[in-house]
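Examination of the molecular architecture
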Amino acid sequence: MKQFSTLQIALGVSVAVHATLLTVRLVDPEGFNRVFQDTPLEVVLVNARSQEKPEKAQAIAQASLAGGGEAAMGRATSPLPPSALTEIGDAAEDAHRKIDAMQEQQMLMLSQVRSALAAMPPPDPKQPNNTPEAQAREEKRRQLVQLLAEIERRINEENARPKKRYISPATREEVYAVYYDTLRRRIEERGTTNFPEQAGHKLYGELTMIVTVNHDGRVLDTEIVESSGNLTLDRRAQSIAKASGPFGRFSDAMRKRADQIVVVSRFKFTRDETLETRLTAR
């Protein structure tokens, strides 16, 4: 077998080393990590598989799945159930819109029924009332009067209930801005002056509270919807909110829209021994 010279061996080793180096990809470690940080993938379970692999994966699963179902519309997800405060904020606004729409519809129906009654000819005692036409006319009149009474009863019931307005970051309106600012300052000043303590130790923490204020400025109710984890601090926060009132009567513009306002607020008792509050919807 022909013996290779030293030069040939050196050239062969050089070619092998360079070929190996060409297969190695050098990257910036921080940049490489950012790829995963900036492009997060979710881990899900799928109930089917396909031989074809997706070109751009949207999640990590136990099997490859390309397309299927309504994939063109985006991958379906199962969101977490809404929290109580989310219902209070968003659902309250939806409820206000539905109530306003219902009241408009009731007023429209009331007007239509009254017009229909006014358009009907009054009963004529000289005409016989035992004919089919007369009986049908009187039956229609009776139904309209009954419907009119039911609509008026429902409207009176709605008018008798206090109108509430929920104040949150998404619903705060200009008409309430000055009033809310006064309310916030009063609560923060009282909470800072009377900072909560227990057995001589300051109490720190955060909690979320709903404060209901009547049109005359009185605090009607306080409710802890997200506890600080310390029941004493929660109770002291409620006492601070109640003792901060009354906040003054509603302006005419406020009273036209609501009899009561409901403020969803985050209370934070800081290490600086001050109370900070902010509107929240969560």
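Criteria and cut-off values
Along each chain, the written sequence defines residue order, and numbers are assigned to residues from 1. For this predicted model, a pLDDT threshold of at least 70 governs which residues receive local features, and a threshold of 80 or more governs which side-chain atom pairs are given and counted, while totals over whole chains, interfaces and linings are taken from all residues. The basis for the side-chain values is all heavy atoms of the structure; hydrogens and waters are excluded. Secondary structure elements follow DSSP: runs of H or I of four or more residues count as helices, runs of E of two or more count as strands, with numbering from the N terminus. Note on exposure labels: buried denotes an accessible area under 20% of the residue type's maximum, exposed denotes more than 50%, and partly exposed covers the range between, all computed with a 1.4 Å probe on protein chains only. Note on definitions: a residue-residue contact is assigned when non-hydrogen atoms from the two residues lie within 4.5 Å. Method for areas: the Shrake-Rupley scheme with a 1.4 Å probe, in which residue coverage is limited to the protein chains shown. Between the rings of Phe, Tyr and Trp (Trp by its six-membered ring), a pair exists once the centres lie within 6.5 Å; its type follows the angle of the planes, with under 30 degrees stacked, over 60 edge-to-face, and the other angles tilted. Each nonpolar core is a collection of buried residues, namely Ala, Val, Leu, Ile, Met, Phe, Trp, Tyr and Cys, held together in the definition by side-chain atoms within 4.5 Å. Think of a salt bridge as a Lys or Arg side-chain nitrogen and an Asp or Glu carboxyl oxygen that are within 4 Å of each other. Whether two strands pair depends on DSSP finding at least two bridges between them.

In this section: the overall build of the protein. Within the protein one finds seven helices and nine strands. The buried share of the protein, reckoned over its 282 residues, is 27%. When contacts within the protein are restricted to residue pairs at least 6 apart in sequence, long-range pairs at least 24 apart make up 64% of them. Of the roughly 20200 Å² that the protein leaves accessible, carbon and sulfur atoms contribute 53%.

Our focus in this paragraph is the packing of aromatic side chains. For the coordinates displayed, the defined rule picks out three aromatic pairs. Geometrically, the ring pair formed by Phe 195 and Phe 269 is edge-to-face, given 5.7 Å between the ring centres and 80° between the ring planes. Here the residue Phe 195 occupies a position in the loop between helix H5 (174-193) and strand S4 (197-198), and Phe 269 occupies one in strand S8 (residues 260-269), the gap between them amounting to 74 residues. Given the relative accessible area of 2%, Phe 269 is considered buried. Clustering of aromatic rings is evident, with ring pairs tying together Phe 195, Tyr 204 and Phe 269.

Our focus in this paragraph is the nonpolar core. Formed by 27 residues in total, the largest nonpolar core has its most connected members in Tyr 179, Leu 183, Val 213, Ile 261 and Phe 269. Of all the secondary structure elements, the ones that give two or more residues to this core are H5, strand S6 (205-214), helix H6 (231-244), S8 and strand S9 (275-279). Counting residues per element, this core draws most heavily on H5, which supplies five residues. Among all residues touching Tyr 179, those that are not within four sequence positions of it are Val 213, Gly 217, Phe 247, Gly 248, Arg 249, Phe 250, Met 254 and Ile 261.

Now for the pattern of salt bridges. Opposite charge on two side chains allows them to pair when their charged atoms are near. Overall, the coordinates contain 10 salt bridges when judged by the stated rule. The partner of Asp 181 in a salt bridge is Arg 184, with the nearest N and O atoms 2.8 Å apart. One end of the pair is Asp 181 and the other is Arg 184, both in helix H5 and three residues apart, which spans about a single turn. Given the relative accessible area of 24%, Asp 181 is considered partly exposed. Ionic pairing is found between Lys 202 and Glu 197, a salt bridge with its closest N-O pair at 2.6 Å. Residue class for Lys 202 comes out partly exposed when judged on its relative accessible area of 29%. The partly exposed category is assigned to Glu 197, whose relative accessible area is 37%. Here the salt bridges share partners, and the residues they tie into one network are Asp 181, Arg 184, Arg 185 and Glu 188.

This next bit is on the side chain of Glu 188. Mapping Glu 188 onto the fold places it in helix H5. For Glu 188, a relative accessible area of 17% translates into the label buried.

If you trace the backbone, Pro 246 turns up in the loop between H6 and helix H7 (252-257). Between the C-alpha atoms of Pro 246 and Asn 214, which are 32 residues apart in sequence, the distance is 9.1 Å.

A separate point is the environment of Glu 138. Topologically, Glu 138 is positioned in helix H4 (residues 132-160). Distance in space between the C-alpha atoms of Glu 138 and Pro 123 is 8.3 Å, their sequence separation being 15 residues.

Further remarks concern unusual backbone geometry. In this structure, the amide linkage connecting Gly 245 to the following residue, Pro 246, adopts the cis form with an omega of 0°. Residue Ala 199 is not a glycine yet carries a positive backbone phi of 55°. Although it is not a glycine, Glu 273 sits at a positive phi angle of roughly 60°. Tracing the backbone through its elements, the reader meets Glu 273 in the loop between S8 and S9.

In this sheet, strand S7 (residues 219-226) lies alongside S6 in antiparallel orientation, the contact comprising six bridges. Within S7, the residue paired with Ile 210 across the bridge is Glu 223. Counting the residues that bridge the hairpin from S6 to S7 gives four residues, and of these Gly 217 lies at a positive phi of roughly 95°.

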